[in-house]
Amino acid sequence: MVSSAATSALPISAPYTFYPQARVPAPKKLVGLNAALEAQKNPEFEVKPEIFKEFSLPDGVAIVTGGNSGIGLEYSVCLAELGATVYCLDMPETPSEEFLACQSYVKRMPGNASLVFKRADVTDEETMNSLFQNIAETHGKIDVVIANAGVLGPRASCNEYPADWFRKVMDVNVTGVFITAQAASRQMIATKTSGSIIVTASMSGSIVNRDMPWCAYNASKAAAAHLVKSMAAELGQFEIRVNSISPGHIQTAMTDVCLDAEPGLGNQWAFQNPMGRLGGVSELRGVCAYLASSASSYTTGSDILVCGGHHVW
């Protein structure tokens, strides 16, 4: 329990007003129904599909942690396809061959999108804040940040799970997510950017994977998903949206190592969902594009499960 004296000594950096005096009006865009009504009144109105524009980030600036491989790299390519310059943060000193292939791929696309690799430790608050500030100063804004970096930790019974590993998993998967989201929100507020912060949670934050003793990982992902709701409640007044994506069993190079070491485990995971298979990283692109773009302008505090229906049983 924290004493009232301790809490009163904490600095308050911004006046948070959760219920503004005046109601913010709902936006009225000339798309869909509104566009059809306008076209009926105005014969000169140009009729064209607008939904593809809504799922885009022209000249956007994005940051993805854990962006050197796997799901993070898939997110990064997706954001680049939407039109963004994407900074991929990860721990290695140099980018992976997989990253370099994606960087070259994006460079060949029409437009100005690009992938940029930066080394960063998401648990290093000072470095993360400095890096985010530099990126915001370079481009004048940061539109999208995906806090994706995470660790699984060992498979061990809760009775035998090492406390040091529990602390490490929580440090990366919860504190690292907080530091990333906080650094993002600070720059978005400073530049008055209506940004999107996305956290990679997991279905393991809302269910327990059968026969998988991952108590630390499960707890960390549940914490990350609730952190999203808490930050969404505070940041909505700044037009900053905070949401999470909760993948199920996704087949990546990392999971392949685990599956190859244990024959039969892949089938066990697959048959635990109604679709009877694992997911591909490309199947996260749609939800990434939705949450990153203006298509989700009224979505915040949400956790979107992409798990083949694993959670329904």
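Our subject is the structure listed above.
First things first, this report covers the structure right here in the doc. These numbers come from a predicted model, not from an experiment. (Residues numbered from 1 in each chain as written. Predicted model: local features only at pLDDT ≥ 70, side-chain atom pairs only at ≥ 80, totals over all residues. Heavy atoms only, no water.)

Each helix and strand in the chain was counted, giving eleven helices and nine strands. For 313 residues, the compact-globule estimate of 2.2 N^0.38 gives 20 Å, and the chain sits close to it at 21 Å. Expressed along its principal axes, the backbone C-alpha trace of the chain runs to roughly 70 × 55 × 40 Å. If you take every contact in the chain between residues at least 6 apart in sequence, the share linking residues at least 24 apart comes to 75%. Split by element, the accessible area of the chain, about 17,100 Å² in all, is 56% carbon and sulfur. (Helix = DSSP H or I, 4+ residues; strand = E, 2+ residues; numbered from the N terminus. Rg over C-alpha atoms; globule rule 2.2 N^0.38 Å. Contact = heavy atoms within 4.5 Å. Areas by Shrake-Rupley, 256 points an atom, 1.4 Å probe, with all protein chains shown as cover.)

Turning our eyes to something else, we now look at the nonpolar core. Membership of the largest hydrophobic core comes to 32 residues, with the highest contact counts inside it found for Ile63, Leu89, Phe132, Ile197 and Val242. Elements that contribute at least two residues to this core include exactly strand S1 (61–65), strand S2 (85–90), helix H6 (125–139), strand S4 (144–147), helix H7 (163–190), strand S5 (196–200) and helix H8 (215–235). In terms of residue count, H7 provides more of this core than any other element does, seven residues in total. Contacts of Ile63, omitting those with residues within four sequence positions, involve Tyr87, Leu89, Phe132, Ile135, Ile142, Val144, Val145 and Ile146. Of all hydrophobic cores here, the second largest spans 31 residues; its members include Tyr75, Ala113, Ile245 and Leu284. (Core = buried A, V, L, I, M, F, W, Y, C linked by side-chain atoms within 4.5 Å. Buried < 20%, exposed > 50% of the residue type's maximum accessible area, 1.4 Å probe, protein only.)

Two elements in contact, H7 and H8, have axes whose closest approach is 9 Å; the angle formed by their N-to-C orientations is 20°. With respect to their mutual orientation, H7 and H8 come out roughly parallel. Both H7 and H8 take part in a crossing whose hand is right-handed. Where H7 approaches H8, its residues Phe166, Val169, Met170, Asn173, Val174, Val177, Phe178, Ala181, Gln182, Ser185 and Ile189 are matched on the opposing element by Ala216, Tyr217, Ala219, Ser220, Lys221, Ala223, Ala224, Leu227, Met231 and Leu235. (Axes fitted to C-alpha atoms, helices over the stretch in contact; angles between N-to-C directions. Parallel < 35°, antiparallel > 145°, perpendicular 65-115°, else oblique. Left-handed = near helix turned anticlockwise from the far one by under 90°.)

What the rule picks out here adds up to five aromatic pairs. Seen in terms of ring centroids, Tyr161 and Phe166 are 6.4 Å apart; in terms of plane orientation they differ by 90°. Their pairing is edge-to-face. Residue classification places Tyr161 among the buried positions, given a relative accessible area of 11%. Judged by centre distance (6.2 Å) and plane angle (70°), the ring pair of Trp214 and Tyr217 falls under edge-to-face. You can call Trp214 buried: its relative accessible area is 6%. Joined through ring pairs, the aromatic side chains of Trp214, Tyr217 and Trp269 make up one cluster. (Phe/Tyr/Trp six-rings, centres within 6.5 Å; stacked < 30°, edge-to-face > 60°.)

Another point: the side chain of Thr65. Its place among the elements puts Thr65 in strand S1. On the basis of relative accessible area, Thr65 is assigned to the buried category, the value being 1%. Here the side chain of Thr65 touches Asn148 through a polar contact of 2.8 Å, landing on its backbone nitrogen. With residues up to four places along the chain from it excluded, the contact list for Thr65 reads Leu89, Val122, Met128, Ile146, Ala147, Asn148, Ala149 and Thr180. (Polar contact = N/O pair within 3.5 Å; in protein donor to acceptor, adjacent residues only side chain to side chain.)

Moving on to the state of the cysteines. Taken as a whole, this structure holds zero disulfides when the rule is applied. Not part of a disulfide, Cys88 finds its nearest cysteine sulfur in Cys102, a span of 8.6 Å. Of all cysteine sulfurs in the structure, the one in Cys288 sits closest to Cys307, which takes part in no disulfide; the separation is 17 Å. Overall, Cys307 belongs to the buried group, its relative accessible area being 9%. (Disulfide = S-S within 2.5 Å.)

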